[in-house]
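# Results of the structural survey
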Amino acid sequence: MANTLKRNISATGTIEFSSLNVREPSDYAAGIPGIKAALEHVSKESGLFRSLRTLSHMNQKEGFDCPGCAWPDPEKPSKLGEYCENGAKAIAEEATLERVDKVFFEKYSVEEISRWTDYRIGKSGRITEPFILRPGSIHYEPISWEESFQIIAENLHALDSPDEAIFYTSGRSSNEAAFLYGLFVRAFGTNNMPDCSNMCHESSGVALSETLGIGKGSVVLEDFPEAEVVIVVGQNPGTNHPRMLTALQKCKDNGGKIITINPLSESGLNRFKNPQQLSGILGTGTQLTDIFLQVKINQDVSLLKLIMKRLANRHQEGEHVFDNDFISEKTIGFQELLDDLKNYSEQELLQLCGVDSSKIDLAVDVLAKKSKIIICWAMGLTQHKNGVENIKECVNLLLLKGSIGKKGAGTCPVRGHSNVQGDRSVGIMHYVSESLNKSIKNVFGFQPPNKEGLDTVNAIKAMHKGKAKVFVALGGNFVSAASDTIYTSGALQACDLTVSVSTKLNRTHLTAGKTALILPTLGRTEMDKERFVTVENSMGKVHQSKGRLAPASSHLKSEPEIVANMAQTYFGKDSVVDWTSLGTNYDLVREKISQVLDGYREYSKRSKGSGFYLPNNSREADFSKLPGGKAQFSICATPKHDLKEDEFILMTVRSHDQFNTTIYGMNDRYRGIFGERRVVFMNIDDMRKGQLMPQQIVDLVSSYDGTERRAEKFKLIPYNIPSGNLCAYFPETNVLVPIDLYADKSHTPVSKSVIVKIQIR
Ligand SMILES: Nc1nc2c(c(=O)[nH]1)N[C@H]1C(S)=C(S)[C@@H](COP(=O)(O)OP(=O)(O)OC[C@H]3O[C@@H](n4cnc5c(=O)[nH]c(N)nc54)[C@H](O)[C@@H]3O)O[C@H]1N2
Ligand SMILES: Nc1nc2c(c(=O)[nH]1)N[C@H]1C(S)=C(S)[C@@H](COP(=O)(O)OP(=O)(O)OC[C@H]3O[C@@H](n4cnc5c(=O)[nH]c(N)nc54)[C@H](O)[C@@H]3O)O[C@H]1N2
Ligand SMILES: [Mo]
């Protein structure tokens, strides 16, 4: 019986080339091409007038928070508008005039849509009303909101244990929606709350909590103009956090130095033509990077060790290169760190990291003399087997320099999704927080579960084994974002019910459970009955966001309304929580958050204007809650990759024209790639050695634990990348990452160091 119900779904879409055009990589970011690209995307999707009106409200005090990334807004937003090319594209995607409606689903079956590319699926448009895919059916059909909530409640009641349900969150949801969702899931009785953080900055959270006592960064935006040195490691801000370039520019204007550590020389970190200044549009722009350390993939620990070793040598010769007072008053483990550095030879570290020794000396020289240092990082550090240690090694360097808890210095994990940090702060987590459970019990009168829940990797495995049967997603595109696409697709399809609260159609809606629901929601840009929500930026500041555009359809509900309805229908009349009131009155939600969590006093009031900062002990250099009451130095091992002659390390990154699994367009302008995504960047000497030709078509093959995984059809691009390293885009390459390949402690899929072979087709 079960087999006859199985739909014939493609987990990846049909693999086809479009029309590749390769040019020289750009030597600067933004400028006029950036403005042009922004306007093209926006007016194509939503009409020029509507888009300009939308952009004018973005990141302004009374407007909405850009859904593009979590970079903070300046106190005084620019008159030319506080947005960037990629923020404009994010808005365009949401403001599109295309619609996924009843007629669309009558015309196309899920089987057919699953064969489309992600680009085409995403461009189908906004979902207009709730849809259901019934058992055995291959067409979604309309369903009422009421019946949708009934089906969810019935399926949840039918489970043998609350732990058979999974509740995923992606980081675009507001604090209000996320808090209600976490409350519902705990009242339902599980901590199975995987979230996109598990695939993203979880390694940062773990490393920072263990070393500095808080899983968040310590710097604020105002630290950048004060910083003497900013190290940007494992991050491509030109594409993923373009407004950060303005902060780097301010650091440079004040005489600061920028050290970039990356296997690629990313254009955005070279020269920046600020589109919000006339000089930026017309002039030559600002050279951002002073020292570029072209590290081999996943050898940041080796490089940082070498830097620290050279600093330690100077320290031992009596030079004042470390902050000795800070080290003795505020830290533990200094001597052990110095002893450990002696275990590594210069030569071995140089060989591992692959960076020119004289360039490292330049960096050491700058770092020796300066003390106000910020380190910024993102996925280039977190998505490795040793992701947690990568970040601990950065913390080591900052502690040696006393660069924590003072102006112009500190940790800066640059967050991804625009509210991923806020969702965590208000309770989206799979682990147990005793203090949170205690205050939920005090405020709401029920005892949340004390058993640790499933994170992303473990949730996928549980669904695959049939141990979890209901999957609910508050946003995101789980199947394409997670590792091991075919396996994950099988996991979702094995569920009895999959539910997606979404703005737009994506592949997760197609790799559906026996029954599937799509619940369409308002986006960040859209009016929500004059209500506002709140979000937290990458630097821990909470502020309001209020949509301005007319909703894409009159049938949409807000996320808090959807979550509250789900909970109300499940619990019925007897619930101890008044879900209906909470779902309609966001001030009430905020009042409850302020009762449950520290730092949200007078929440609604203080979130207006530029908002308020949450407490942050590392910003104050207060490490009293850590073992010994001090910040912890860590001993981190250098990663070892025993590559065979024909093996390479592949990193999977974002192009300039995508937001995670949403593909805005087919270009990666800064890297000189136009019209194609199925490309793999390769070192020219490696190509010669393998007698490979530019644009030759190859498969990428990974073999772990005896299983071969294959990503088919990529065109080879000769590129400035270290020998032995490769680079390609995600999500096309997620099929290569085995479900069991994840970072120690944080369980983040290893998306940045996948061992692969190249096979000529
Ligand atoms: N426009 C746009 N903005 C976004 C997103 C988007 O997709 N599009 N996504 C958002 C999200 S969720 C996130 S998490 C962030 C992601 O922001 P990023 O982390 O900047 O994104 P990636 O494209 O994964 O880039 C990783 C960078 O790390 C480098 N790298 C890879 N491996 C290593 C390594 O081993 N060592 C070092 N030193 N560098 C390495 C790569 O060359 C690349 O420059 O951006 C957010 N903002
Ligand atoms: N190989 C590889 N894999 C990766 C990464 C990588 O670098 N390499 N990066 C990882 C990272 S850092 C992350 S964060 C994850 C991202 O994982 P996710 O957050 O799950 O994925 P997104 O692509 O951001 O989700 C896009 C979908 O969100 C929905 N959406 C958009 N706006 C809203 C909204 O306002 N509300 C609701 N309810 N839905 C909305 C739309 O339906 C859209 O299709 O991917 C991870 N996967
Ligand atoms: Mo992310």
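Counting of residues starts from 1 at the beginning of each chain's written sequence and follows it residue by residue. Chains and ligands are labelled sequentially in the order written, the chains with letters from A and the ligands with numbers from 1. Where local features are concerned, this predicted model is filtered to residues with pLDDT of at least 70; where side-chain atom pairs are given and counted, the filter is 80 or more; whole-chain, interface and lining totals use all residues. Note: side-chain values were computed over all heavy atoms of the structure, leaving out hydrogens and water.

### Remarks on the site of ligand 2
- Only heavy atoms are used to decide nearness, and a residue is near a molecule or strand if one of them lies within 4 Å of it. The environment of ligand 2 is made up of 29 residues, and the closest members are Tyr-168, Ala-481, Glu-559, Thr-661 and Asn-734.
- Between ligand 2 and Val-501, the relevant distance is 2.9 Å, taken from a nitrogen atom to a main-chain nitrogen or oxygen of the residue.
- Polar contacts, as counted here, are pairs of nitrogen or oxygen atoms within 3.5 Å of one another; within protein the pair requires one atom able to donate a hydrogen and one able to accept it, and residues that are adjacent in sequence qualify only if both atoms are side-chain atoms. Thr-661 places a polar side-chain atom, nitrogen or oxygen, 2.6 Å from an oxygen atom of ligand 2.
- In these tables, accessible area is a Shrake-Rupley quantity obtained with a 1.4 Å probe, and a residue counts as shielded only by the protein chains included in the view. When ligand 2 is considered free in solution it has 930 Å² of accessible area, and contact with the protein chains removes 96% of it.
- Residues are grouped as follows: nonpolar covers Ala, Val, Leu, Ile, Met, Phe, Trp, Tyr, Cys and Pro; charged covers Asp, Glu, Lys and Arg; every other residue, Gly included, is treated as polar. Taken together, the residues that form the shell around ligand 2 break down as nine nonpolar, 15 polar and five charged.
- These domain limits were set by an automatic method or by a database of domain assignments. Two domains share the shell around ligand 2, each providing at least three of its residues, namely domain 1 (98–195 + 456–606) and domain 3 (641–760).

### Brief notes about the domain arrangement of the protein
- Annotation of the protein at the domain level lists domain 1 (98–195 + 456–606), domain 2 (202–413) and domain 3 (641–760).
- For this analysis, residues touch if any pair of their heavy atoms sits within 4.5 Å. Of the residues lining the interface, 17 residues belong to domain 1; the matching set on domain 3 comes to 17 residues.
- Both sides of the domain 1 and domain 3 interface together cover about 1,500 Å² of buried area, and 58% of this is carbon and sulfur.
- Joining two parts hides part of their accessible area as seen by a 1.4 Å probe, and the buried area is that hidden amount summed over both. Contact with domain 3 buries area across many residues of domain 1, yet Tyr-119, Val-457 and Asp-484 alone supply 35% of it, more than any other trio.
- Counted as salt bridges are all cases of a side-chain nitrogen of Lys or Arg within 4 Å of a carboxyl oxygen of Asp or Glu. Summed over the shared surface of domain 1 and domain 3, the result is two salt bridges.
- For Arg-709, the salt bridge identified is with Asp-484, shortest N-O distance 2.9 Å.
- Our count for the contact surface shared by domain 1 and domain 3 stands at 11 residue pairs in polar contact (both at pLDDT 80 or more).
- In this text, helices come from DSSP runs of H or I with a minimum length of four residues, and strands from runs of E with a minimum of two, each type numbered from the N-terminal end. Put simply, the parts of the chain that give the side of domain 1 that touches domain 3 at least two residues each are helix H7 (118–122), helix H23 (456–464), helix H24 (478–481) and helix H25 (485–493).

### Observations concerning the sheet that holds strand E27 (residues 679–683)
- An order of E23-E30-E27-E29-E28-E31 is seen for the six strands of this closed barrel, with the pairing classed as mixed. Neighbour to neighbour, the strand axes of the sheet diverge by 45 degrees on average, direction disregarded.
- Sheet analysis places E27 next to strand E29 (residues 707–719), joined by five bridges and oriented parallel. Residue pairing across strands places Val-680 opposite Leu-716, the latter belonging to E29. Think of it this way: DSSP has to see at least two bridges between two strands before they count as a pair. Only the stretch in contact is used when fitting a helix axis, every axis being a line fitted to C-alpha atoms; angles between N-to-C directions are given from 0 to 180 degrees.

### Regarding the nonpolar core
- Core analysis: the largest hydrophobic core is formed by 55 residues, its most contacted members being Ile-231, Ile-259, Leu-293, Leu-303, Phe-322 and Ile-375.
- Considering each element in turn, this core owes the most residues, eight residues, to helix H20 (residues 387–400).
- Those residues in contact with Ile-259 that lie beyond four places of it in its chain are Val-229, Val-230, Ile-231, Val-232, Ile-291, Leu-293, Ala-363 and Leu-367.
- Residues Leu-519, Leu-597, Tyr-603 and Phe-612 belong to the second largest nonpolar core, which totals 53 residues. Only buried Ala, Val, Leu, Ile, Met, Phe, Trp, Tyr and Cys residues count toward a nonpolar core, and they belong to the same one when joined by side-chain atoms within 4.5 Å. Each residue gets one of three labels from its accessible area relative to the maximum for its type: buried under 20%, exposed over 50%, partly exposed in between, using a 1.4 Å probe on protein chains only.

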